Amino acid sequence: MLGIIGKKIGMTQIFDENGKVTPVTVIQAGPCRVVGKKTMDSHGYEALQLGYEDIPAKRVKKPMRVMYEKKGSPNYRYLREFRPGNRQVIDNVNEGDEIKADFFNLNDKVSVTSNSKGRGFTGVVKRHGFAGFEQSHGVHESYRGPGSVGQCAQPSRIFKGIKMAGQHGNARVTVKHLKIIHVDADKGLILVKGAVPGHRNSLVLIQKEQ
Amino acid sequence: MDILHQIGRDQIRTDFPDFRVGDTVKVHYKIKEGSKERIQVFQGIVIQKRGAGVSKSFTVRKVSNGIGVEKIFPHHSPNIDKLEIVRYGRVRRAKLFYLRSAKGKAGRIKERRRFSA
């Protein structure tokens, strides 16, 4: 389905009609504009190109500026593509169309994509949830280690894909089936139940699920 | 952050008296059972206040039939019908977790003297 580009504002909580607390993430969704369309004939795939956050022309590199000029579109800081996977969705939208927060309805299910918070090079306890070892009872020098990572002379190598320490976070993450709790069309805000990847002010892509 | 405050602002309740940790309060709490709604009163000592904005909450402790019972209330919950202060207490710390293990004299809280402005 079609989506929208936004910015994560942060998390808070709201009370529902029964007085129960619901954790929500506030997202500044759009306004976005359809800058271009990718077609099967000329590009080999179908997609919609959306622009988000206006910036002055002098802040845009020349090749991009010329592209925007040709399209007769304002200059955008972010340009992202959405592949609705459905020809009709693309045909229903024209270049120059604006997509705003009111594109979402209450109780819609959405998936949100963003870069997760970078945690740097972390050990297996943090990265994969390993339990580590005891802090005493004879354990020495290995409190948060991975333990054994393989066998012996057979196969005398370590299998690929063994969970080890390494870069954790700062990767593209999608969270699916999040419910829209509230839409504030005037301010362009949407409230989504639960957590969303990324830090505050990080760019998020929100896609409607069918 | 400002947007977050704005969202919280509409839900914040200002109709409670200003209570502190150490005070004895009566919390009138709405309880929904199916379609019926009734109000339950929980009286005890406020042993903790935590959080800020909409997420603020407080813990009330009472001893019921010799068993300590604690309830955590979201401060701005619409289910709190009313909150009364029964007794003002004077304490010297922000969290009164020591009351859980305090026996006899140690568990008492002095009355706070209040001056009218």
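Structural data are supplied above this passage.
The structure reproduced in this document is the subject of the present report. As the structure is a prediction and not an experimental result, all values here were calculated from the model. (Residues numbered from 1 in each chain as written. Chains lettered and ligands numbered in written order. Predicted model: local features only at pLDDT ≥ 70, side-chain atom pairs only at ≥ 80, totals over all residues. Heavy atoms only, no water.)

1. Concerning the packing of aromatic side chains
- Following the criterion strictly, the structure yields 7 aromatic pairs over all chains and no others.
- Centre to centre, the rings of Phe42 of chain B and Phe73 of chain B are 6.2 Å apart; their planes meet at 65 degrees, and the pair counts as edge-to-face. With a gap of 31 residues between them, Phe42 of chain B in strand E2 (residues 36-50) and Phe73 of chain B in strand E4 (residues 67-74) connect regions that are remote in the sequence. Neither Phe42 of chain B nor Phe73 of chain B differs from the other in exposure class; each is buried.
- Grouped by ring-pair contacts, the aromatic residues Phe19, Tyr29, Phe42, Phe58 and Phe73 of chain B constitute a single cluster.
- Here the guanidinium or amino end of Lys208 of chain A rests over the ring plane of Phe103 of chain A, the centre of that ring lying 4.3 Å away. (Phe/Tyr/Trp six-rings, centres within 6.5 Å; stacked < 30°, edge-to-face > 60°. Helix = DSSP H or I, 4+ residues; strand = E, 2+ residues; numbered from the N terminus. Buried < 20%, exposed > 50% of the residue type's maximum accessible area, 1.4 Å probe, protein only. Lys NZ or Arg CZ within 6 Å of the ring centre and 35° of its normal.)

2. Some points on the sheet that holds strand E6 (residues 98-99) of chain A
Residue and element names in this part refer to chain A.
- Within the open sheet, the 4 strands sit side by side as E5-E4-E3-E6. Their pairing is antiparallel. Two strands close off the open sheet at either side, each with one partner strand: strand E5 (76-82) and E6.
- Note: strand E3 (residues 32-38) against strand E4 (residues 47-54), 6 bridges, orientation antiparallel. Each bridged residue has a counterpart across the sheet, and for Lys37 the counterpart in E4 is Leu48. (Pairing = 2+ DSSP bridges.)

3. Side note on the interface of chain B and chain A
- Taken together, the 14 residues of chain B in the interface contact 17 residues of chain A.
- Summed over both partners, the interface of chain B with chain A comes to about 1200 Å²; 66% of that surface belongs to carbon and sulfur atoms.
- Ranking the residues of chain B by area buried against chain A places Ile3, Leu4 and Ile7 of chain B at the top, with a combined share of 37%.
- On the surface where chain B and chain A come into contact, there are 0 salt bridges.
- Summed over the shared surface of chain B and chain A, the number is 3 residue pairs in polar contact (both at pLDDT 80 or more).
- The element that contributes the greatest number of residues to the side of chain B that touches chain A is helix H1 (residues 2-9) of chain B, accounting for 4 residues.
- Taken together, the residues of the side of chain B that touches chain A sort by class into 7 nonpolar, 6 polar and 1 charged. (Contact = heavy atoms within 4.5 Å. Buried area = accessible area lost by both parts, 1.4 Å probe. Salt bridge = Lys/Arg side-chain N within 4 Å of Asp/Glu carboxyl O. Polar contact = N/O pair within 3.5 Å; in protein donor to acceptor, adjacent residues only side chain to side chain. Nonpolar A, V, L, I, M, F, W, Y, C, P; charged D, E, K, R; others polar.)

4. Digging into the pattern of salt bridges
- In this structure the tally under the stated criterion is 14 salt bridges over all chains.
- Close ionic contact of Lys71 of chain A with Glu95 of chain A constitutes a salt bridge, the shortest N to O distance being 3.7 Å. In this pair, Lys71 of chain A is assigned in helix H2 (residues 62-71) and Glu95 of chain A in the loop between helix H3 (87-91) and E6, connecting sequence segments 24 residues apart.
- For Glu95 of chain A, a relative accessible area of 43% puts it in the partly exposed group.
- Across the pair Glu111 of chain B and Arg87 of chain B runs a salt bridge, and its minimum N-O distance is 3.3 Å.

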